[in-house]
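Analysis of the macromolecular model
Here are the chains, one letter per residue:
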Amino acid sequence: MRRKIVVGNWKMNNTVAESLDLATEIAEKVGTGSLSCEVGIAPSFLALHEVGKVIEWSDIRLTAQNCHYENDGAFTGEVSARMLAASGCSYVILGHSERRQYFGDTNIVVNRKVKKALEEGLKVILCVGETLEEREGGVTESIITGQVVEGLSGVSDISNLVIAYEPVWAIGTGKTASSAQAQEVHASIRATVAGLYGQQASEHLRIQYGGSVKPSNAVELFGMPDIDGGLIGGASLNTADFMAIVLAAC
Ligand code: 13P
């Protein structure tokens, strides 16, 4: 039985003070030992360390939204996996479609980041997803397979990996993939992973869905056989909505 995982990706929202308020509220609700699923929050880099301190007593996993593929050096403006691990992060989100779309994160770059983050002891949430043009062009499966295969090139152990399927057309648009559409892609990702790492590893792999997840659609999405939780954007900025989604998975 896979343990579901729900992570709030706060993206570029909230000052440090606002992040601390939100994190404190969520930590009070999540507490310790009461939920059957895993819960994470991903504040901005600026707030990460301080948020880590206020959630430390709770079961919440501190998550980063990105990292660089080198540990140190002349990379102005970047943050490394080594720094994140030392600041108490458990997870890092890599290959988010916004990183791919606006910041040049190709499959090759994402793969370098994945390898470095795993090497530094972080767990990785590898995001994959097709654009609307790709879906309408009938190439969803080949795009997703390419993102999985290239993103994991040279990775031999996937026990610290989670994959998040986030159709680009469903992110922040209010358009959710139907539970059947999401399930179809999740099953195909699991089949790809089985081909790469074997049946057993693929059955253990958790695959989250992301893209306009709300309290009103979470139960149905998380009820699908290959959907093991969610990566939540907008709805994770509100404690009541986020907790309703968390409870749909727990
Ligand atoms: P929304 O939930 O706002 O659609 O964002 C999804 C997402 O990109 C999470 O990483």
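1. Observations concerning the site of the ligand
The environment of the ligand is formed by Asn9, Lys11, His96, Glu166, Ala170, Ile171, Gly172, Gly211, Ser212, Leu231, Gly233 and Gly234. Interatomic distance of 2.9 Å between a side-chain N/O atom of Glu166 and an oxygen atom of the ligand. Ser212 places a main-chain nitrogen or oxygen 2.7 Å from an oxygen atom of the ligand. Within the complex, 95% of the 310 Å² of free accessible area of the ligand lies under protein. Considered class by class, the residues forming the shell around the ligand number three nonpolar, seven polar and two charged.

2. Comments concerning the sheet that holds strand β6 (residues 161-165)
Spatially, β1-β2-β3-β4-β5-β6-β7-β8 is the arrangement adopted by the eight strands of the closed barrel, whose pairing is parallel. Across the sheet, the mean angle from the axis of one strand to that of its neighbour is 25°, orientation sign disregarded. Bridging between strand β1 (residues 5-9) and strand β8 (residues 229-232) involves four bridges; their strand directions are parallel. Across the sheet, the residue bridging to Gly8 is Ile232, located in β8. Helix α11 (residues 239-249) rests against β1, β2 (38-42) and β8 of the sheet, and its axis sits at about 160° to β1.

3. Quick look at the pattern of salt bridges
Pairing between side chains of opposite charge can happen when the charged atoms of each approach one another. For the structure shown, the criterion picks out 14 salt bridges. A salt bridge links Arg61 to Glu38, with the nearest nitrogen and oxygen atoms 2.7 Å apart. Pair noted here: Arg61 is in strand β3 (residues 61-64) and Glu38 is in strand β2, with a separation of 23 residues, a long-range link. Here Arg61 falls in the partly exposed class, since its relative accessible area comes to 26%. Take Glu38: its relative accessible area is 5%, and that puts it in the buried class. Here Arg206 ties to Glu38 by a salt bridge, and the two come within 2.7 Å at their closest N and O atoms. With Arg206 in strand β7 (residues 206-210) and Glu38 in strand β2, this residue pair connects regions lying 168 residues apart in the sequence. The burial state of Arg206 is the same as that of Glu38; both residues are buried. Taken together, the shared-partner salt bridges connect Arg2, Arg190, Asp226 and Asp228 into one network.

4. Examining the state of the cysteines
Applying the stated criterion to the full structure yields one disulfide. Each sulfur in the disulfide pair Cys37 and Cys250 lies 1.8 Å from the other. You can see Cys37 sitting in the loop between α1 (16-30) and β2 and its partner Cys250 sitting in the segment after α11, a full 213 residues away along the chain. Overall, the relative accessible area of 4% leaves Cys37 in the buried class. Free cysteine Cys67: the closest other cysteine sulfur is in Cys89, separated by 9.6 Å. Take Cys67: its relative accessible area is 0%, and that puts it in the buried class.

Rules and cut-offs
Residues numbered from 1 in each chain as written. Predicted model: local features only at pLDDT ≥ 70, side-chain atom pairs only at ≥ 80, totals over all residues. Heavy atoms only, no water. Near = heavy atom within 4 Å. Polar contact = N/O pair within 3.5 Å; in protein donor to acceptor, adjacent residues only side chain to side chain. Areas by Shrake-Rupley, 256 points an atom, 1.4 Å probe, with all protein chains shown as cover. Nonpolar A, V, L, I, M, F, W, Y, C, P; charged D, E, K, R; others polar. Pairing = 2+ DSSP bridges. Helix = DSSP H or I, 4+ residues; strand = E, 2+ residues; numbered from the N terminus. Axes fitted to C-alpha atoms, helices over the stretch in contact; angles between N-to-C directions. Contact = heavy atoms within 4.5 Å. Salt bridge = Lys/Arg side-chain N within 4 Å of Asp/Glu carboxyl O. Buried < 20%, exposed > 50% of the residue type's maximum accessible area, 1.4 Å probe, protein only. Disulfide = S-S within 2.5 Å.

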